[in-house]
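Residues per chain are reported as follows:
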Number of protein chains: 2
Amino acid sequence: MMAEHTVKAFDAEITSLRGLIAEMGGLAEMAINESIQALAKGSLSMAEAVIARDARLDKLEAEVDRLAIRIIALRAPVADDLREVIAALKIAGILERIGDYAKNIAKRVSRIEERTRFEPLTLIPAMAEMAADMVHDVMTAYAARDAALAVEVIERDAKVDAFYDSIFRNMVSFMVENPSTITSAAHLLFVARNIERIGDHATNVAEQVYFAATAEYLADRTERPMN
Amino acid sequence: MMAEHTVKAFDAEITSLRGLIAEMGGLAEMAINESIQALAKGSLSMAEAVIARDARLDKLEAEVDRLAIRIIALRAPVADDLREVIAALKIAGILERIGDYAKNIAKRVSRIEERTRFEPLTLIPAMAEMAADMVHDVMTAYAARDAALAVEVIERDAKVDAFYDSIFRNMVSFMVENPSTITSAAHLLFVARNIERIGDHATNVAEQVYFAATAEYLADRTERPMN
């Protein structure tokens with residue numbers, strides 16, 4: 001049993017930890033939205049901004065790790081409190097990787113030529129919006145410890161996967177008919193794949209939220225699509 | 001300070017934890033090697049075996065999580081011991097994802113047609129061997145708490161990235177010249193990308209090994225290539 005002053009210190013530390021995770025979630029969502037805007041507009045300056053801002057996510061992850069280790073070492077939390085700290089450690093790692101996927105999208109903006117020719121440039125923003133919404137809503141589920149919302153986010157991942165499969169087939173047909181655009185098309189294929197992976201990672205965050213809220217593991221992991 | 005019987009119980013639990021991580025590392029390395037063999041030989045049965053065996057990695061990750069949480073809750077480890085447990089939690093998550101990349105390669109085996117036409121089918125196994133060696137050696141670094149070997153593994157990632165860039169350019173030229181093979185070529189491009197990501201993830205494991213061994217973070221993260 002913790003003494004009262006220890007409980008207060010612990011509550012303050014957990015609040016800081018949750019604040020750092022919320023900040024990471026906000027930055028990850030912004031990185032997705034802005035990398036896709038940069039892609040849609042062909043804006044290199046916007047792409048550069050996304051790339052530059054990613055360092056902040058890396059720093060925040062290291063801060064979460066340090067604070068989580070400090071909390072465990074000083075407060076020796078158990079049960080719900082311990083699961084909360086462990087979930088924060090894992091979620092920070094996943095959000096940092098979502099940032100990496102957005103940064104990778106931003107890096108490809110300068111590689112896409114003859115932009116107006118690509119029909120997927122209208123499909124990709126719609127797919128990205130779905131993935132960004134998953135990230136947004138899973139962070140709401142995290143803030144509210146809402147296991148039901150976490151499950152709902154996981155269920156949405158199948159739609160992102162289906163969208164991706166359709167973009168993959170569309171891109172391949174386009175490449176067959178327009179061999180001169182293959183380099184740009186290959187970069188767009190990877191953009192779509194990155195968005196699909198962001199959906200998977202939002203699902204992984206949702207699994208951690210579920211675990212922190214219920215002490216149970218969601219048995220089945222979502223399958224990744226093949227393309 | 002822990003009582004003597006607690007120290008013994010703690011040592012036994014840490015040994016179990018390290019055993020689970022070693023098993024995960026072995027399975028991940030095997031999954032890479034066998035998915036690439038399946039690809040090189042066009043063996044669907046071998047690919048199926050890799051896909052089926054991936055569930056074991058998922059189970060082991062959950063076991064590591066449970067044991068790590070149990071150790072923290074019951075033993076309240078601090079300093080080196082706590083870093084060791086935290087590193088195990090993070091490494092288990094990374095090895096599980098390496099398994100996912102290998103599984104994704106295995107899933108693509110059935111999608112590659114006219115296999116003999118692809119020059120990258122000779123380059124990809126060489127690239128995969130580099131990545132599998134990184135996974136192998138980072139697990140050796142983990143077992144030996146060898147920070148210098150961890151750094152050496154990280155330095156090797158640049159070679160995998162360079163290999164990937166060269167395969168990307170090679171594949172794009174091939175697609176331009178042979179539009180009829182574009183679907184297969186796109187799958188091979190993703191195979192190469194998966195291997196590149198496995199190299200990144202071996203680097204992430206190495207960062208955790210370094211942290212567990214030295215209590216310091218490696219300041220700079222490796223950059224992902226653009227293609």
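Thresholds applied
Residues numbered from 1 in each chain as written. Chains lettered and ligands numbered in written order. Predicted model: local features only at pLDDT ≥ 70, side-chain atom pairs only at ≥ 80, totals over all residues. Heavy atoms only, no water. Helix = DSSP H or I, 4+ residues; strand = E, 2+ residues; numbered from the N terminus. Buried < 20%, exposed > 50% of the residue type's maximum accessible area, 1.4 Å probe, protein only. Contact = heavy atoms within 4.5 Å. Areas by Shrake-Rupley, 256 points an atom, 1.4 Å probe, with all protein chains shown as cover. Lys, Arg positive; Asp, Glu negative; His and termini not counted. Charge placed at Lys NZ, Arg CZ, Asp CG, Glu CD. UniProt positions renumbered as here; feature names shortened; annotations may be inferred. Phe/Tyr/Trp six-rings, centres within 6.5 Å; stacked < 30°, edge-to-face > 60°. Lys NZ or Arg CZ within 6 Å of the ring centre and 35° of its normal. Core = buried A, V, L, I, M, F, W, Y, C linked by side-chain atoms within 4.5 Å. Least-squares fit on C-alpha atoms with pLDDT ≥ 70 in both. Salt bridge = Lys/Arg side-chain N within 4 Å of Asp/Glu carboxyl O. 1 Å grid on protein atoms, 1.4 Å probe; cavity = no way out; pocket = protein on both sides within 12 Å on 5 of 7 lines; lining within 4 Å. Points joined across faces, edges and corners; volume = space filled by probe spheres on them. Buried area = accessible area lost by both parts, 1.4 Å probe. Polar contact = N/O pair within 3.5 Å; in protein donor to acceptor, adjacent residues only side chain to side chain. Nonpolar A, V, L, I, M, F, W, Y, C, P; charged D, E, K, R; others polar.

So, on to the overall build of chain A. The number of helices and strands found in chain A is six helices and zero strands. Starting at the N terminus and ending at the C terminus, chain A contains elements arranged as α-α-α-α-α-α. Projected onto the principal axes, the alpha-carbon positions of chain A cover approximately 70 × 35 × 20 Å. In chain A, which comprises 227 residues, the share counted as buried stands at 57%. Taking all contacts inside chain A whose residues are at least 6 apart in sequence as the whole, residues at least 24 apart take part in 83%. Split by element, the accessible area of chain A, about 8,800 Å² in all, is 55% carbon and sulfur. Chain A carries 26 positive and 36 negative side-chain charges, and their two centres are separated by 5 Å.

This next bit is on the UniProt feature "domain: PhoU" (unreviewed entry) in chain A. Residues annotated by UniProt as "domain: PhoU" (unreviewed entry) correspond here to residues 21–109 and 126–209 of chain A. Between the C-alpha atoms that bound residues 126–209 of chain A there is a distance of 26 Å. The span itself is 93% helix and 0% strand.

The next point concerns the packing of aromatic side chains. For any two aromatic rings, the description comes down to two numbers: the centre-to-centre distance and the angle of the planes. For the coordinates displayed, the defined rule picks out seven aromatic pairs over all chains. Judged by centre distance (4.7 Å) and plane angle (20 degrees), the rings of F211 of chain B and Y217 of chain B are stacked. Feature note: the residues Y164, F168 and F190 of chain A together with Y164, F168 and F190 of chain B constitute an aromatic cluster, connected by ring pairs. In this arrangement the basic side chain of R18 of chain A is found over the ring face of Y142 of chain A, its NZ or CZ atom lying 4.4 Å from the centre. Above the ring of F190 of chain B, the side-chain terminus of R193 of chain A is found at 5.8 Å from the ring centroid.

This next bit is on the nonpolar core. Core analysis: the biggest nonpolar cluster contains 162 residues, and I21, L95 and I195 of chain A together with I21, L95 and I195 of chain B have the highest contact counts within it. Those residues in contact with I195 of chain A that sit more than four places away from it in its chain are I36, I105, I124, M127, A128, A131 and V160 of chain A.

So, about the relation of the copies chain B and chain A. Once chain B is rotated about the relating axis by 180 degrees and shifted along it by 0.0 Å, it coincides with chain A to within an RMSD of 0.0 Å. One copy is carried onto the other by what is essentially a two-fold rotation axis. Residue A76 of chain B of chain B places its C-alpha closer to the rotation axis than any other residue of that unit, at 2.8 Å. When the interface residues of chain B are mapped onto chain A, 100% of them again fall at the interface, so both copies present the same face.

All names here are of chain B. Under the defined criterion, the tally for this structure stands at 28 salt bridges over all chains. Here R56 and E23 are joined by a salt bridge, their closest N and O atoms 2.8 Å apart. Of the two residues, R56 is situated in helix 2 (residues 44–75) and E23 in helix 1 (residues 4–41); the sequence distance between them amounts to 33 residues. Residue classification places R56 among the partly exposed residues on the basis of a relative accessible area of 34%.

Taken as a whole and judged by the stated rule, the model has six cavities of 30 Å³ or more. What lines the largest cavity is Y101, F190, R193, N194 and R197 of chain A together with Y101, F190, R193, N194 and R197 of chain B.

Reports of interface size often rely on the accessible area that becomes lost once the parts have come together. The interface is formed by 47 residues belonging to chain B together with 47 residues belonging to chain A. Where chain B abuts chain A, roughly 4,400 Å² becomes buried across the two surfaces, and 60% of that area is made up of carbon and sulfur atoms. Taken together, chain B and chain A are joined by four salt bridges. For K90 of chain A, the salt bridge goes to E61 of chain B, with nearest N and O atoms at 3.4 Å. At the junction of chain B and chain A, the tally comes to five residue pairs in polar contact (both at pLDDT 80 or more). Looking at the side of chain B that touches chain A residue by residue, the classes come out as 24 nonpolar, six polar and 17 charged.

Looking at the secondary structure, you find S43 of chain A in the loop between helix 1 (4–41) and helix 2 (44–75). Between the alpha carbons of S43 of chain A and A106 of chain A there is a distance of 9.5 Å; along the sequence they are 63 residues apart.

We now examine the environment of A148 of chain A. Topologically, A148 of chain A is positioned in helix 5 (residues 147–177). Separated by 65 residues in sequence, A148 of chain A and A213 of chain A place their C-alpha atoms 9.8 Å apart.

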